[in-house]
Amino acid sequence: MRKAVCPGSFDPVTNGHLDIVARAATLFDEVVVAVGVNASKRRLFTAQERIEMLTEVCAGYPNVSIGSFEGLLTDFCRERGVHAIVKGLRAVSDFDYELQMAQMNSRLADVETVFVPTSPEWSFLASSLVKEVASYGGDVSALVPDFVNDALVARLGESAP
Ligand code: PNS
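Notes on the structure in this doc start here. Every value quoted in this text rests on a predicted model; they were computed, and no experiment measured them.

**Topic: the nonpolar core**
By size, the foremost hydrophobic cluster in this structure holds 33 residues, and its most contacted members are V13, V86 and L152. Going through the elements one at a time, strand 1 (3–8), helix 1 (15–27), strand 2 (30–36), helix 2 (47–57), strand 4 (84–89), helix 5 (127–135) and helix 6 (146–158) are the ones with two or more residues in this core. Top contributing element to this core by residue count: helix 1, with five residues. Those residues in contact with V86, other than ones at most four positions away along the chain, are A4, V5, C6, P7, I20, A24, F28, V114 and V116. Counting residues in each nonpolar core, the second largest holds 11 residues, with V5, A34, L73 and I85 among its members.

**Re the packing of aromatic side chains**
With the rule as written, the count across this model stands at two aromatic pairs. When the ring of F69 is compared with that of F76, the centres are 5.6 Å apart and the planes differ by 40°; the resulting orientation is tilted. Across the pair, exposure class does not vary: F69 and F76 are buried alike.

**Concerning the side chain of D94**
Considering the arrangement of structural elements, one finds D94 in helix 4 (residues 92–108). Residue D94 is classed as buried on the basis of its relative accessible area of 15%. From its side chain, D94 meets the backbone nitrogen of R90 in a polar contact 2.8 Å long.

**Re the site of the ligand**
As a structural note, the neighbourhood of the ligand is formed by P7, G8, S9, F69, G71, L72, L73, M101, M104 and N105. S9 has a polar side-chain atom sitting 2.6 Å from an oxygen atom of the ligand. Contact distances for the ligand include 2.9 Å between an oxygen atom and a backbone N or O atom of L73. At the level of secondary structure, the elements contributing two or more residues to the shell around the ligand comprise strand 1 and helix 4. In terms of residue count, the dominant contributor to the shell around the ligand is helix 4 (three residues). Among the residues making up the shell around the ligand, the classes are represented as six nonpolar, four polar and no charged.

**Quick word on a nonpolar patch on the surface**
Taken together, L72, M104 and L108 make up a surface patch of nonpolar side chains, about 270 Å² in accessible area. Residue position: M104 is located in helix 4.

**Regarding the pattern of salt bridges**
Summed over all chains, the structure comprises seven salt bridges. In this structure, the salt-bridge partner of D29 is R2, at a minimum N-O distance of 3.7 Å. Note that D29 is positioned in the loop between helix 1 and strand 2 and R2 in the segment before strand 1, a separation of 27 residues in sequence. Judged by its relative accessible area of 35%, D29 falls in the partly exposed class. Between K87 and E98 there is a salt bridge whose closest N-O contact spans 2.9 Å. In this pair, K87 is assigned in strand 4 and E98 in helix 4, connecting sequence segments 11 residues apart. Summarising the burial analysis for this pair, K87 and E98 share the class buried.

**Let's talk about the state of the cysteines**
Per the stated rule, a full pass over the model turns up zero disulfides. Of all cysteine sulfurs, the one in C6 lies closest to C58, which takes part in no disulfide; the gap is 8.7 Å.

**Focus: helix 3 (residues 73–80)**
All of the buried residues along helix 3 are L73, T74, F76 and C77. Buried residues in helix 3, looked at end-on, bunch into an arc of 155°, giving them a common side. Where helix 3 terminates, the next one or two residues include G81, which has phi positive at roughly 65°.

Reading the values: the criteria
- Residues numbered from 1 in each chain as written.
- Predicted model: local features only at pLDDT ≥ 70, side-chain atom pairs only at ≥ 80, totals over all residues.
- Heavy atoms only, no water.
- Core = buried A, V, L, I, M, F, W, Y, C linked by side-chain atoms within 4.5 Å.
- Buried < 20%, exposed > 50% of the residue type's maximum accessible area, 1.4 Å probe, protein only.
- Helix = DSSP H or I, 4+ residues; strand = E, 2+ residues; numbered from the N terminus.
- Contact = heavy atoms within 4.5 Å.
- Phe/Tyr/Trp six-rings, centres within 6.5 Å; stacked < 30°, edge-to-face > 60°.
- Polar contact = N/O pair within 3.5 Å; in protein donor to acceptor, adjacent residues only side chain to side chain.
- Near = heavy atom within 4 Å.
- Nonpolar A, V, L, I, M, F, W, Y, C, P; charged D, E, K, R; others polar.
- Patch = residues over 30% accessible without salt bridge, like charges linked within 9 Å, V, L, I, M, F, W, Y side chains within 5 Å.
- Areas by Shrake-Rupley, 256 points an atom, 1.4 Å probe, with all protein chains shown as cover.
- Salt bridge = Lys/Arg side-chain N within 4 Å of Asp/Glu carboxyl O.
- Disulfide = S-S within 2.5 Å.
- Arc of directions from axis to C-beta.

Dropping the structure here:
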């Protein structure tokens, strides 16, 4: 059984993330989408909300499940018996840091990182940009699933002055 983890903050999940998860699901028998929970980082959505969004949006993939982790990703991989991490690469600018993390993770545990090139359609897409654009009232509805767009509008509306 070939298993992989797709880790990320997913604050919130975007169509770019889903592209990578969908393609990982064709490459591996089992994929765990792992939501990184870092209490010291301010997030727009709680870990539970991010997990619920991913659960809904990945429901169509029978070999994809959702998990979460605090601390090291390699500990999560070890606990789950996973030896592959799938990461999307949007551009060369992603590569330096991703390579460094991949090498550190392989030093920490018996894991390989598999880089999947992001589809050109989504190569500009980042959760941080989606939040920024949405916070100024920009339309991000083509960049995230519909219910994520609704959640963004609602959450950003709550925090408006
Ligand atoms: O969506 P993001 O913010 O790019 O996801 C980053 C994430 C959560 C995958 C990364 O920060 C991570 O793996 N954090 C867990 C802590 C860890 O293992 N750090 C060592 C990395 S070499």
